Amino acid sequence: PEGLAVGLAFGAGGTDLGVPLAIAIGIQNIPEGFAAAAPLIPAGVNPGKAAAVALATGLVEPAAALFAFAAVELISPLLAGGLAFAAGAMLYVIVDELVPESQGGGNERAASLALLTGFALMLTLDNAF
């Protein structure tokens, strides 16, 4: 969904819409990659292979972005629904998995502050671009 959102944003809104969304998703992908690789290292996977797995989790996004960008003319009637689907999918993952997991183990305050900081950063980037 992230790659589709970026491709649709560039295809429909050009750089004014595509760049801020790509930056926001790129920033979000950094901790996502760490989250994919971190459990592998204690399990005995060497760090290089763990980094390769983290990289592989994001390789589908550029392909989806290129597909959506190329198909934006054909699917322009579905544009609003496509962007809404991508946003909804990300919100579902955040609410169902990330927030509950971050609140465990006595990290409630730090996790809540990190969430608010990330939200404020996204608002700032959205208004800056």
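Preceding this paragraph is the structure being described.
Residues numbered from 1 in each chain as written. Predicted model: local features only at pLDDT ≥ 70, side-chain atom pairs only at ≥ 80, totals over all residues. Heavy atoms only, no water.

A. A look at the overall build of the protein. In terms of helices and strands, the protein carries five helices and zero strands. Judged by the C-alpha coordinates and their principal axes, the protein covers about 45 × 35 × 25 Å. Taken over 129 residues, the protein has a buried fraction of 20%. Look at the contacts in the protein between residues 6 or more apart in sequence, and 63% of them connect residues 24 or more apart. Summed over its atoms, the accessible surface of the protein is roughly 8,400 Å², and 74% of this surface lies on carbon and sulfur atoms. (Helix = DSSP H or I, 4+ residues; strand = E, 2+ residues; numbered from the N terminus. Buried < 20%, exposed > 50% of the residue type's maximum accessible area, 1.4 Å probe, protein only. Contact = heavy atoms within 4.5 Å. Areas by Shrake-Rupley, 256 points an atom, 1.4 Å probe, with all protein chains shown as cover.)

B. Structural view of a nonpolar patch on the surface. A cluster of nonpolar side chains, Tyr92, Val93 and Leu98, forms an exposed patch at the surface whose accessible area comes to about 290 Å². The topology assignment puts Val93 in helix H4 (residues 79-102). (Patch = residues over 30% accessible without salt bridge, like charges linked within 9 Å, V, L, I, M, F, W, Y side chains within 5 Å. Salt bridge = Lys/Arg side-chain N within 4 Å of Asp/Glu carboxyl O.)

C. Local environment of helix H2 (residues 47-58). End to end, H2 covers 17 Å across 12 residues, agreeing with the expected 16 Å (1.5 Å per residue, within 8%). Sitting at the head of H2, Asn46 places a side-chain oxygen 3.1 Å from the backbone nitrogen of Gly48. (Expected span 1.5 Å × (residues − 1). Polar contact = N/O pair within 3.5 Å; in protein donor to acceptor, adjacent residues only side chain to side chain.)

D. Geometry of the side chain of Glu61. Inspection of the secondary structure assignment puts Glu61 in helix H3 (residues 60-71). No salt bridge is formed by the buried Glu61, whose closest oppositely charged neighbour, Lys49, lies at an N-O distance of 22 Å. In this structure, Glu61 is in contact with Glu2, Gly3, Ile25, Asn29 and Glu32, ignoring residues within four places of it in sequence. (Lys, Arg positive; Asp, Glu negative; His and termini not counted.)

E. Focus on the side chain of Glu2. Relative to the assigned elements, Glu2 resides in helix H1 (residues 2-37). One buried charged residue, Glu2, forms no salt bridge at all, with the nearest opposite charge on Lys49 at 23 Å. Among all residues touching Glu2, those that are not within four sequence positions of it are Ile25, Gln28, Asn29, Glu32, Glu61 and Met90.

F. Just H3, in detail. Between its terminal C-alpha atoms H3 stretches 16 Å, which fits the 16 Å expected from 12 residues at 1.5 Å a residue. Those residues of H3 not exposed but buried are Glu61, Ala64, Ala65, Ala68 and Ala71. End-on, the buried residues of H3 take up no more than an arc of 140°, which puts them together on one face. Exposed residues pointing more than 90 degrees away from the buried face of H3 are listed as Leu66, Phe67 and Ala70. Tucked inside the fold, the buried residues of H3 contact H1 and H2. (Arc of directions from axis to C-beta.)

G. Examining the environment of Phe34 more closely. Examined against the element boundaries, Phe34 turns out to sit in helix H1. On the basis of relative accessibility, which here comes to 58%, the residue Phe34 falls in the exposed class. Taking the C-alpha atoms as reference points, Phe34 and Ala9, separated by 25 residues in sequence, lie 26 Å from one another.

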